[in-house]
Amino acid sequence: MARLSRGGRSGGRAGNARRSGPAIKQMDWGIPLNSDMPTTPLPPEGVEAMHDGAMRILEEIGIEFLNEEAALILKKAGCTLNDTNVRMDREFVMEKVALAPSQFKITPRNPDKEIIIGGGHMVFGNVSSPPNCSDLDRGRRPGDRAAFQDFLKFTQYFNCIHFAAGYPVEPLDIHASVRHLDCLYDKLTLTDKVTHGYCLGSERIEDAMEMVRIAAGLSDEEFAQSPRMYTNINSSSPLKHDWPMLDGLMRMTRRGQPTIVTPFTLAGAMAPITMAGAVMQSVAEALAAIVLVQCIRPGTPTVIGSFTSNVDMKTGAPAFGTPDYVRATQMAGQMARFYDLPLRSANANAANCPDSQSAWESMNSLWAAVTSGTNVVYHAAGWLEGGLCASYEKFIMDCETLQQMIAYMKPVPCSPDDLAFDAIKEVGPDGHFFGVQHTQDRYEKAFYNPFISDWSNFENWEDGGSVQTPQRANKIWKKILEEYEAPTIDEAIKEELADFVARRKSEGGAPTDF
Amino acid sequence: MPDNEDTIILEDLNDGDLVEQMHDDIYDGLVDEIEQGTKILLNRGWDANNVLTEVLVEGMRVVGVDFRDGILFVPEVLLSANAMKGGMGLLRPILAQSDNIASTGKYVIGTVKGDIHDIGKNLVGMMLEGAGFEVVDLGINNSVEDYLHAIDKHQPHILGMSALLTTTMPYMKVVIEELDKRGILKQLHVMVGGAPLNQEFADAINSDAYGRDAAVSVELAKALVGKTQGRVLEAM
C-alpha cells in the first residue's frame, strides 16, 4: 500500500484553525453561474400566445402612466396618449425592448464587488423594505436604525449576498424626510457592495445617485458612463405606473443607471386568477416601463421583474413560495428569454416566524429562481411575513440555503480522476474509502459543508441541548456582529459623504407634510 | 345545490320562512331573490328599517362570521354583499324619507396623500358595504383637504385611512391632528389600516382603531358605530 499523506506538518492540534475561527466558514466571493437548462412550463406556442396577449394589452387596453412627463415622452415617440392611458403597438415595443442589453455589469465603490446581471449569472440581495424586524431575544418590533445597521453588516459579511438591495428594514426612528440620507450613508460606509436607491420622490433618488457617485470618487461624467447602482420600481397593478416610480426611473435612466421593473401582480387580486393571465399582465406592465427607458436613453440596462404570486382567496392575503408562484416565475423566465432581458425574482415566504413553513416556502422560491433562470434574486435573505418583517435568524438560515444553491450551481466535473476507477479498484469489495489517497486529496472540499444544518445523531443532538435551527442561527448572528469589520473607505470620501448628508438635512431632505 | 331549491316560490312562504330563506339567499349571493324578497316584505307592510336590520344586516352578519372564520372565499362574500346591496337599493329611498338610519353607518375611506396603493382599502370598503355600511370611497392620494371636504359633505360616522408606505403612513397623524384641531374628532371615529401599520402606531397617532385585515376592520367599525349610537342616546 502506498504511503498516505495530507501534505506535511501543520502544527498539530494548536495549528488546526478549525478549532477556533470565524462564526461560519464562508464561501469565496464570486458570481454564481447557473448552467442548468431552465424549466419551461409553457410550450413554444404558449410563449407566443402570452406574447401576443401582452402586446394586445399594450395595444388595445393600454397602461396608465400617472406621470405627465413620462406620458408625453411616449406620445412623442409615437404612442397613443389618452389622458393618462398610453397605448403602444407591438412593432414599436419590440424595437425598443431590443435596445436593452441582455447582460451588463454594475460596479460599486469597491470594484472587486462588481456584479454581472444577465446571461446565466445569478446574484442575491438582502431582504428589502419591511417595516418590522424580529429576533428570538427581542421579538418583533418596528424597524430602527440599529437593526438597519445590523442587517447591513450581515449583507456585507456574507459572500453569498452580492448586492445591498433596498433597506433591509425601514429605520422608522428616522424621520421620513431625511431617512434616505442616513440610510445611504450607512449603506455606503458599512458595505462596499452594489447599492440601490428608492424611487420615492425626486429628492430621494437624486440624493442616492449623488451619494453613490461621491462614495465611488467619480465625476458626474464618470458616474453616467456605466452602471454604478440600480433602482427597482413596482407597477401599481393592475395596469398602472405611478408618479414617483416613473420620476425615479427617468432620473436614473438619464444618468445611465439601470432599473428593474417589477409589477406586483397578485393573481386573484390585482391580476387574473389564472397564473398564465397574471404573468401576461405582468409582462405587459413591465415592458411598458422598459420601453420608456429605451425612449429616453437607448441601451440603458433594464431588468424585467417577476413578483407574480397567488393570494389566499379566503382573506386576500398574499402567499409566496407556493406551487403557483414557482410556475409563475418559470413562465416569467420563459418570457424574459423571449425578450432577451435579464430576470429578477425573489426569495419570499408568508410565514410569521423562522419555522418549517418559512423554510419550505423560501426553498420553493429559490428553486423557482434557479429553474426559471432568474438573474437577480431580491429579498434573498431575511424575509418573513410576506415582506413585513426582517428576521435576524431567517437571514442566517437563508444564507445557508443560498450557499447551498451556489454549491449546487458549481459545475459537476466528470474527468477520469472524478470517475475514480483506480480508487474503486484499490479499495475493492472489502475496504472503505475514508483513508484512500483519492479521498485524502479531496475530503475537505469535496462536499458543501453547511454551517447551520446539524448532522449529528439524535443522542449527540440531545446531549448538546436539543438546539433547533432558529436557536443555532441566533448564536451565529451574534458572533457575526462581533466579527464584522467595516470595509475600508477613504477618510476624505467619508467626510464628503457626511458633509453631503448634513447639507441636505439642513435643506430639509425630501420635504414631507409631517 | 338540490334541484328543489330552485323551485321555492318566495311569495308562498310565510314571513318567518321567507326571512330564513332570504338569509340563505344572502349567504348564497342571490341578488334577484333578495330584491324579490325585499319587495314582498315591503308589500306585506314590513317597516323598511326592520327589513334592513332583521333580514339584510342579519344575513350579512352570518356571512361575516364565516368570512372571519375562513369558511367563505372573498368572491363569495362579494356576491353576498352584492345581493345585500340589491335589497338596500330598494330600501334606501324609503329610509331616506323617514328618520330611520339608512344603513349600519356611513364610512368615508381613502388612501392617504402620496400613496396610490388601494387593493387592501378596496377590499375593506367592499366588506363594509357588505356589512350594511354606506361607503364613500375617496380613492387614492388624499390630502387633509380632501378628507375634510368629504367629512363635511357626507357626515360619516367613521373615517378610514389607508397607507402601504412607511413614508406616507405618518400623514395619517397630520389628518388626525387637523380633525382634532377643528373639533371634528368629537363626532367622528377614525380607523387606520395598511400593511406597515400596527396597533402601537394607531395608538400613537390617536386613532380609534387599527384594522389589521378586512374581517377585523368590519367588526371594529360595527363596534365603533355602536359606540356612536350609544353616544347619541346619552346626549339625548
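Rules and cut-offs
Residues numbered from 1 in each chain as written. Chains lettered and ligands numbered in written order. Predicted model: local features only at pLDDT ≥ 70, side-chain atom pairs only at ≥ 80, totals over all residues. Heavy atoms only, no water. Pairing = 2+ DSSP bridges. Helix = DSSP H or I, 4+ residues; strand = E, 2+ residues; numbered from the N terminus. Axes fitted to C-alpha atoms, helices over the stretch in contact; angles between N-to-C directions. Contact = heavy atoms within 4.5 Å. Expected span 1.5 Å × (residues − 1). Buried < 20%, exposed > 50% of the residue type's maximum accessible area, 1.4 Å probe, protein only. Polar contact = N/O pair within 3.5 Å; in protein donor to acceptor, adjacent residues only side chain to side chain. Patch = residues over 30% accessible without salt bridge, like charges linked within 9 Å, V, L, I, M, F, W, Y side chains within 5 Å. Areas by Shrake-Rupley, 256 points an atom, 1.4 Å probe, with all protein chains shown as cover. Salt bridge = Lys/Arg side-chain N within 4 Å of Asp/Glu carboxyl O. Lys, Arg positive; Asp, Glu negative; His and termini not counted. Charge placed at Lys NZ, Arg CZ, Asp CG, Glu CD. Buried area = accessible area lost by both parts, 1.4 Å probe. Nonpolar A, V, L, I, M, F, W, Y, C, P; charged D, E, K, R; others polar. Core = buried A, V, L, I, M, F, W, Y, C linked by side-chain atoms within 4.5 Å. Parallel < 35°, antiparallel > 145°, perpendicular 65-115°, else oblique.

Caption draft 1: Geometry of the sheet that holds strand 15 (residues 343-346) of chain A. All names here are of chain A. Pairing within the open sheet is parallel, and its six strands lie in the order 6-16-15-13-11-9. For this open sheet the edge positions go to strand 6 (123-126) and strand 9 (231-233), each flanked by a neighbour on one side alone. This sheet shows a mean twist of 30 degrees between the axes of neighbouring strands, independent of strand direction. With three bridges connecting them, strand 11 (residues 259-261) and strand 13 (residues 302-305) associate as parallel partners. Note that in strand 13 the partner of Thr 259 across the bridge is Thr 302. On top of the sheet, helix 10 (residues 323-339) reaches strand 13 and strand 15; it is set at about 170 degrees to strand 15, its chief contact.

Caption draft 2: Up close: helix 8 (residues 243-254) of chain A. Residues and elements named next belong to chain A. With twelve residues, helix 8 ought to run about 16 Å at 1.5 Å a step, and its terminal C-alpha atoms sit 17 Å apart, in line with that. With nine of its twelve residues buried, helix 8 lies for the most part within the structure. Those residues of helix 8 not exposed but buried are Pro 244, Met 245, Leu 246, Asp 247, Gly 248, Leu 249, Met 250, Met 252 and Thr 253. If you check the start of helix 8, you find a side-chain oxygen 3.2 Å away from the backbone N of Met 245, and it comes from Asp 242. Phi for Gly 256, located one or two positions after helix 8, is positive at around 75 degrees.

Caption draft 3: Structural detail: a negative patch on the surface. A cluster of acidic side chains, namely A:Asp490, A:Glu491, A:Glu495, A:Glu496 and A:Asp499, defines a negative patch on the protein surface. Relative to the helices and strands, A:Glu496 is located in helix 19 (residues 491-506).

Caption draft 4: Seen up close, the pattern of salt bridges. Under the defined criterion, the tally for this structure stands at 36 salt bridges over all chains. Note that B:Lys85 is salt-bridged to B:Glu129, the shortest N-O span being 3.0 Å. Pair noted here: B:Lys85 is in helix 4 (residues 74-97) and B:Glu129 is in helix 5 (residues 119-130), with a separation of 44 residues, a long-range link. In the salt-bridge network here, residues are joined through shared partners; they are A:Glu206, A:Glu210, A:Arg213, A:Asp220, A:Asp247, A:Arg251 and A:Arg255.

Caption draft 5: Molecular detail of the sheet that holds strand 7 (residues 132-135) of chain A. Read across the open sheet, the four strands follow the order 8-7-18-17 (chain A); overall the sheet is mixed. Each edge of the open sheet carries a strand with a single partner, namely strand 8 (139-142) and strand 17 (383-384) of chain A.

Caption draft 6: Here's a closer look at the interface of chain A and chain B. Listed as interface residues are 21 residues of chain A and, on the opposing side, 22 residues of chain B. Here chain A meets chain B over a buried area of about 1,800 Å², counting both sides, of which 68% is carbon and sulfur. At the boundary of chain A and chain B, one finds one salt bridge. The salt bridge partner of B:Lys113 is A:Asp513, with a shortest N-O separation of 3.2 Å. Here chain A is connected to chain B by five residue pairs in polar contact (both at pLDDT 80 or more). Taken together, the residues that form the side of chain A that touches chain B break down as eleven nonpolar, four polar and six charged.

Caption draft 7: Layout of the nonpolar core. Core analysis: the biggest nonpolar cluster contains 140 residues, and A:Phe65, A:Met88, A:Phe158 and A:Leu287 have the highest contact counts within it. Among the elements that line this core, the one with the most residues is helix 9 (residues 275-296) of chain A, at 13 residues. Other than its neighbours up to four places away in sequence, A:Phe158 contacts A:Ile24, A:Gln26, A:Lys193, A:Phe395, A:Ile396, A:Cys399, A:Phe451 and A:Ile480. Residues B:Val19, B:Val74, B:Leu128 and B:Ala209 belong to the second largest nonpolar core, which totals 45 residues.

Caption draft 8: Representation of the packing of helix 3 (residues 48-68) of chain B against helix 4 of chain B in the model. Residues and elements named next belong to chain B. Axis separation between helix 3 and helix 4 bottoms out at 10 Å; the angle between their running directions is 170 degrees. As the angle between them shows, helix 3 and helix 4 are arranged roughly antiparallel. Where helix 3 approaches helix 4, its residues Ala 48, Asn 49, Val 51, Leu 52, Leu 56, Val 57, Met 60, Val 63 and Phe 67 are matched on the opposing element by Val 74, Val 77, Ser 80, Ala 81, Met 84, Gly 87, Met 88, Leu 91, Ile 94 and Leu 95. Across the contact of helix 3 with helix 4, the residue classes tally to 16 nonpolar, three polar and no charged.

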